[in-house]
Amino acid sequence: MSYLHVIDKDGCKGCGLCVIVCPKKVLEISEQVNTKGYFPAYQARPEDCIHCAMCCTMCPDVAITITEVAEEKDAPESTEETDG
Amino acid sequence: MGKTFQKPEALADQVTHYCPGCTHGVIHRLIAEVIDELGIRGRTVGVAPVGCAVLMYNYFTFDFMEASHGRAPAQATGLKRVRPDLVVFTYQGDGDLASIGMAEIVHAANRGEKFTTIFVNNAVYGMTGGQMAPTTMPGQRTTTSPFGRKVEEVGMPIRVSELLASLATPGYITRQTVLKPKYINRAKKAVKKAFQYQLDNTCFSFVEFVSTCPTNWGLTPVEAIKWAEEKMLPYYPLGEMKTPEEA
Amino acid sequence: MGKVLMKGNEAIGEAAIRAGCLNYFAYPITPQSEVAEYLSRRLPEAGGVFLQGESEVAVSYMILGAAAVGERVFTTSSSPGISLMSEGISYMVGMELPAVFVNIMRGGPGLGGILPSQADYLQATKGIGHGDCRLLALAPASVQEAAEMVMMAFPLAEKYKNPVIVLGDGLIGQMMEPVEFPDHLATEPPNKDDWAVNGMDTRNSSRRNLLRSLYLDPEVLNQHNLNLRQKYERMKKEEIRFEAYNTETDYKALIVSYGTMSRVCRTAIDQLKAQGLEVGMIRPQTVFPFPEGAIEEAAEKESCEAVASIEMSMGQMVEDVQRSVKGKRPVSWFGKCGGEVPTPEEVIEFVKTIV
Amino acid sequence: MKTKSIQLEGIVIIAGNYGSGKTEISINLAIDRKNAGVAVRVADLDLVNPYFRTREARQLLSKLGIELALPPDELLQADLPILSPLISGMIRQPGQLALIDVGGDDAGATVLATLADAFAGRDYQMLQVVNPLRPNSDTISGCLNIRNEIEAAAKMTISGIVGNANLIDETTPEDIIRGYDFVKQLSDESGLPLHFITASVALLPEINLNRIACPVLAIRRQLVPPWKKADKI
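On a predicted model such as this, the values are computed, not experimentally measured, just so you know. (Residues numbered from 1 in each chain as written. Chains lettered and ligands numbered in written order. Predicted model: local features only at pLDDT ≥ 70, side-chain atom pairs only at ≥ 80, totals over all residues. Heavy atoms only, no water.)

A. How the structure looks around the packing of aromatic side chains. Residues and elements named next belong to chain B. Tallied over the full model, the rule gives 20 aromatic pairs over all chains. Between Tyr235 and Tyr236, the ring centres sit 5.0 Å apart and the planes meet at 85°, which makes this aromatic pair edge-to-face. On the basis of relative accessible area, Tyr235 is assigned to the buried category, the value being 12%. Overall, Tyr236 belongs to the buried group, its relative accessible area being 0%. Members of the aromatic cluster, connected to one another through ring pairs, are Phe60, Phe62, Phe64, Phe89 and Phe195. It is Arg159 that lies over the ring of Tyr235; its NZ or CZ is 3.8 Å from the centre. (Phe/Tyr/Trp six-rings, centres within 6.5 Å; stacked < 30°, edge-to-face > 60°. Buried < 20%, exposed > 50% of the residue type's maximum accessible area, 1.4 Å probe, protein only. Lys NZ or Arg CZ within 6 Å of the ring centre and 35° of its normal.)

B. Structural view of the interface of chain C and chain B. Tallying the contact residues gives 34 residues for chain C and 33 residues for chain B. Together chain C and chain B conceal approximately 2,700 Å² of surface at their shared face, both sides included; 61% is due to carbon and sulfur atoms. Interface area lost by chain C to chain B is led by Glu54(C), Met200(C) and Arg208(C), which between them contribute 22%. Our enumeration of links across chain C and chain B arrives at 3 salt bridges. Among the ionic pairs, Arg71(B) bridges to Glu87(C), the shortest N-O distance being 3.1 Å. Counting across the chain C and chain B interface gives 19 residue pairs in polar contact (both at pLDDT 80 or more). (Contact = heavy atoms within 4.5 Å. Buried area = accessible area lost by both parts, 1.4 Å probe. Salt bridge = Lys/Arg side-chain N within 4 Å of Asp/Glu carboxyl O. Polar contact = N/O pair within 3.5 Å; in protein donor to acceptor, adjacent residues only side chain to side chain.)

C. Structural detail: the environment of Phe52(D). The residue Phe52(D) is located in the loop between β2 (40–45) and α2 (58–63) in this model. Overall, Phe52(D) belongs to the partly exposed group, its relative accessible area being 22%. Phe52(D) sits 33 residues away from Gly19(D) along the chain, and the two C-alpha atoms are 10.0 Å apart. Setting aside residues up to four positions removed in sequence, Phe52(D) forms contacts with Leu171(C), Gln174(C), Met175(C), Thr23(D), Leu223(D) and Val224(D). (Helix = DSSP H or I, 4+ residues; strand = E, 2+ residues; numbered from the N terminus.)

D. Structural view of the pairing of strand β5 (residues 124–130) of chain D. Residues and elements named next belong to chain D. For β5, a buried count of 5 out of 7 residues is recorded, marking the element as mostly surrounded by other parts of the structure. By the bridge criterion, 6 bridges tie strand β1 (residues 10–16) to β5 in an arrangement that is parallel. Counted as the bridge partner of Gly16 is Val129 from β5. Taken together, the 4 bridges between β5 and strand β6 (residues 160–163) define a ladder with parallel strand orientation. In the sheet register, Gln128 faces β6, and the bridge partner there is Ile161. (Pairing = 2+ DSSP bridges.)

E. Layout of the interface of chain D and chain C. Counting from both sides, the interface comprises 23 residues of chain D and, opposite them, 28 residues of chain C. A buried area of about 2,400 Å², summed over both sides, lies between chain D and chain C, and 60% of it is on carbon and sulfur atoms. Looking only at chain D, the three residues that lose the most surface to chain C are Tyr51(D), Pro226(D) and Trp227(D), adding up to 32% of its buried area. Counting across the chain D and chain C interface gives 5 salt bridges. Seen at the junction of chain D and chain C, the total is 10 residue pairs in polar contact (both at pLDDT 80 or more). Per-class residue counts for the side of chain D that touches chain C are 12 nonpolar, 5 polar and 6 charged. (Nonpolar A, V, L, I, M, F, W, Y, C, P; charged D, E, K, R; others polar.)

F. Looking closely at the pattern of salt bridges. In the structure shown here, the tally under the stated rule is 58 salt bridges over all chains. The residue Arg71(B) makes a salt bridge to Glu104(B) at a minimum N-O spacing of 3.3 Å. Here the residue Arg71(B) occupies a position in the loop between β2 (63–66) and α2 (72–82), and Glu104(B) occupies one in helix α4 (residues 102–111), the gap between them amounting to 33 residues. The exposure classification of Arg71(B) matches that of Glu104(B), with both residues buried. Two residues, Arg234(C) and Glu238(C), come together in a salt bridge whose shortest N-O distance is 3.1 Å. On the criterion of helical spacing, the pair formed by Arg234(C) and Glu238(C) is a turn pair, its members being 4 residues apart in helix α9 (residues 218–238). We classify Glu238(C) as partly exposed; its relative accessible area is 42%. Three or more residues joined by partner-sharing salt bridges are found here, namely Arg29(B), Glu33(B), Glu37(B), Lys188(B) and Lys192(B).

G. The arrangement of the packing of helix α6 (residues 140–154) of chain D against helix α7 (residues 173–190) of chain D in detail. Residue and element names in this part refer to chain D. Interaxial distance between α6 and α7 falls to 10 Å at its minimum, and their mutual angle equals 60°. The orientation of α6 relative to α7 falls into the category oblique. For the crossing formed where α6 meets α7, the hand is right-handed. Counted together, Ile140, Cys143, Leu144 and Arg147 of α6 and Phe182, Gln185, Leu186, Glu189 and Ser190 of α7 form the full contact between these two elements. Residues belonging to the contact of α6 with α7 are distributed by class as follows: 5 nonpolar, 2 polar and 2 charged. (Axes fitted to C-alpha atoms, helices over the stretch in contact; angles between N-to-C directions. Parallel < 35°, antiparallel > 145°, perpendicular 65-115°, else oblique. Left-handed = near helix turned anticlockwise from the far one by under 90°.)

H. Expanded view of the environment of Leu45(D). Residues and elements named next belong to chain D. Relative to the elements of secondary structure, Leu45 occurs in strand β2. For the pair Leu45 and Asp117, spaced 72 residues apart in the sequence, the C-alpha separation amounts to 16 Å. Apart from residues no more than four positions distant in its own chain, Leu45 is found in contact with Leu83, Ile87, Ile100, Asp101, Val102, Gly103, Val111, Leu112 and Leu115.

I. Fine view of unusual backbone geometry. In this structure, Pro109(C) follows Gly108(C) across a cis peptide bond, with omega equal to -5°. Turning to its location among the elements, Pro109(C) is positioned in the loop between β5 (100–105) and α5 (121–125). Between Phe288(C) and the following residue, Pro289(C), the backbone shows a cis peptide bond with an omega angle of 0°. Mapped onto the secondary structure, Pro289(C) falls in the loop between β13 (286–288) and α11 (292–299). The backbone of His51(A) shows a phi angle near 55°, a positive value even though the residue is not glycine. Turning to its location among the elements, His51(A) is positioned in the loop between β3 (41–43) and α2 (54–58).

J. Local environment of a nonpolar patch on the surface. A contiguous nonpolar surface patch, about 250 Å² in accessible area, is contributed by Ile29(A), Val33(A) and Phe39(A). Among the structural elements, Val33(A) can be located in the loop between β2 (27–29) and β3. (Patch = residues over 30% accessible without salt bridge, like charges linked within 9 Å, V, L, I, M, F, W, Y side chains within 5 Å. Areas by Shrake-Rupley, 256 points an atom, 1.4 Å probe, with all protein chains shown as cover.)

K. Summary view of helix α7 (residues 181–199) of chain B. Spanning 19 residues, α7(B) covers 27 Å between terminal C-alpha atoms, matching the ideal 27 Å at 1.5 Å per step. With its phi angle positive at about 60°, Asn201(B) sits one or two positions after the end of α7(B). (Expected span 1.5 Å × (residues − 1).)

L. Spotlight on the nonpolar core. Counting residues in each nonpolar core, the largest one holds 151 residues, and the members touching the most others are Phe25(C), Phe74(C) and Val347(C). Residue assignment places this core across two domains, with domain 1 (4–195 + 228–237) and domain 2 (243–354) of chain C each supplying three or more. Formed by 77 residues, the second largest nonpolar core is a distinct cluster that contains Ile7(A), Ile35(B), Met56(B) and Ile184(B). (Core = buried A, V, L, I, M, F, W, Y, C linked by side-chain atoms within 4.5 Å. Domains from an automatic or database assignment.)

M. Main features of the sheet that holds strand β14 (residues 306–311) of chain C. Residues and elements named next belong to chain C. With mixed pairing, 5 strands are arranged side by side in an open sheet as β10-β12-β11-β14-β15. Sheet topology places β10 (242–245) and β15 (331–335) at the edges, where each strand pairs with a single neighbour. Going from strand to strand, the sheet's axes swing by 20° on average, the running direction of each strand aside. Looking at chain direction, β10 and strand β12 (residues 279–284) are connected through 4 bridges and run antiparallel. Note that in β12 the partner of Phe242 across the bridge is Pro284. Along the sheet face, helix α12 (residues 317–325) touches β11 (253–256), β12, β14 and β15 and points at about 155° away from the line of β14. Of the strands in this sheet, β11, β12, β14 and β15 touch helix α13 (residues 344–354), which is tilted by about 160° from β15.

Put into structure tokens, the structure is as follows:
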């Protein structure tokens, strides 16, 4: 089973609450602004992500989703939509 | 062990107007998840308050209406009395519920109205610009208590859950928070329980949330979480104040 | 059911039930508490909802909530209570919700007294709530008419998606008169599925409904108010009701009077006729919209020398009468507002001073 | 033909449902008995109605020499349940005839229970006024139900019936006869004596009094709206 962790870059307000709750310190705040003017969170170290969904649980903006993907090849497993 | 996580159907695909780090968004999501899980979206009516959540109806995908400041419990009473088959909840902040609407919430709870109230307590008026609320902490600075809340002048903050729990009418009264994931998971269970009591026509149900307001508190979102945990939680203890089974 | 003897307040309660309204929320206040007492027994047996709220403020929102799901609902109160309800009324106008409010007026300002008065005229017709807020206002002059107007108020409220107020004075509520209810009354409320927040399942729809009065965009709010204004203008075209009395004669004076006061004026007109002085009367049955055209026309009659607004208030309706007469005849005011209803003799004496 | 004379003495409580006509009857009965040479006292014990109470006729009654127990003048129009001490005094010393006009329904009769000490050990009669043209008292069972509610609230017993069929100005002679038959039946079924019925002075000549076995109290209406004149006494 593999999972797709996506941060909706333009839905993120960069509050940083996901960053502090991540048990694996995967997330950081980007230096690049999104279309709303916020600096969104991104997965700085996606390879450490254990898909525990702590970040999703904490995010006040439902900007982080994790979906299950078919386990064919190497599914893109990180923040394609962000600038990470 | 991985988990999936997606936006609930009851939540609209909208970016909220809330400030970064505002926990309204988390509480909204919990309500939406519970409504999805209980399969009640088609018969739920939300009553939005006056306050920061005044536009919350934009963020849900079921019937909604506004209330005027503090009157949501009276409005929900009217809705629920004439259509007991609907699932009705009010969503109110501390200025709305604990100040201007204190009479309405106390009487609705005391009548045992079969609706659910979500009470978001962040110790300050958000919408009108950071004024002192009935729940503002002693010494806390606000735009109308620039030298800090003076207890000798305006009394101690009101603990609404304890106050409502003192009513003899059976009810479900609990205080929760969403400051950290561990609290959030517990809070969701409480919200679900509250709606379940309504569905079973058991009692009035009330979930208070100790929440944050980074913008009006003048703190970063992360600092605000810390402040709420350190300053508010000792005064506003979490847990069930009352269940209908006790009565 | 033939004629029965009923107190105005009882007839109002019964009329609502017969109009198909089975939802009533109220807060006690003299001189209309009998409505609540009557309905607290009658509604449970009719399978309806009766609830005594904690205040008139709360009651106005219980009404709003019940109206929001598309159910017929009404309340009754008296002057100070209506002031408290005016907040909810404004929200209902803003949200375009139908409901019926009955004001059995007592003396004011403040607590005033408990005896009859018509001093809430301006409040009902011009200033019921904040914002551009108007209500269709029906003014009964007998127990029978009070019952009929309560019954017609529900379809009118639904037609305009706007609250309707029935403006009675204390005497209308307290006196006993024979009343007969028409056999078939309850009309089906129109389909409300395009606006009521009655749950998507109820409507079998995937589209959710939203009720609000908040419009932050000034253009949108302006348009909303223009729409409301159009409704008020339509009321003026379609809903004006009045009764003319003794206007077929060559009257020398024209009285404009409504409610209880008009009953006294009627007696005065009969007595003046016996004394050889003809006086006509226009009795507004709707005080908003106001029968200005009828009053103007009646005032223009050649024999008519003067117009008088006779009211149990200190000169409120007289402003509308002056506006209607457009300076074509002198308009004067006579009235009392302490709870004592002017007597026919006092009216006669006054009329003689203006002709 | 002359109607039979009403026989009532001591404490007489006039009770009944809202709007049954208790006050108009109290006033007219007081005058009728006074004219018959009886010393009459009247107590206004209506604490539930704001308008149309015995106190509205206070000038007329005092002019006729009828003693009144009312709240103090300055509180006559108050929306307050004022229980004058004169009333318990009147119960303790009723004289020849003391009429007590209570408010309507069980709500109006509740105040009698407060006066239990004054009533203790004293004889009284409590009459239920019935207007069959009122909702709730248009059936025998409705009247018996009202009787039970009043008795429970007052903690006292109803001892007789007064028939008061009327639609005010729209009353017809047939209404009076039908109303009489109704209260007669109520009397038969309840075992309570029918003390008298009423008819307005204007209607009396049109009524076949041979048809009526009980006394008929002629009503000269005193509680009228401001656009009407009270009947001359």
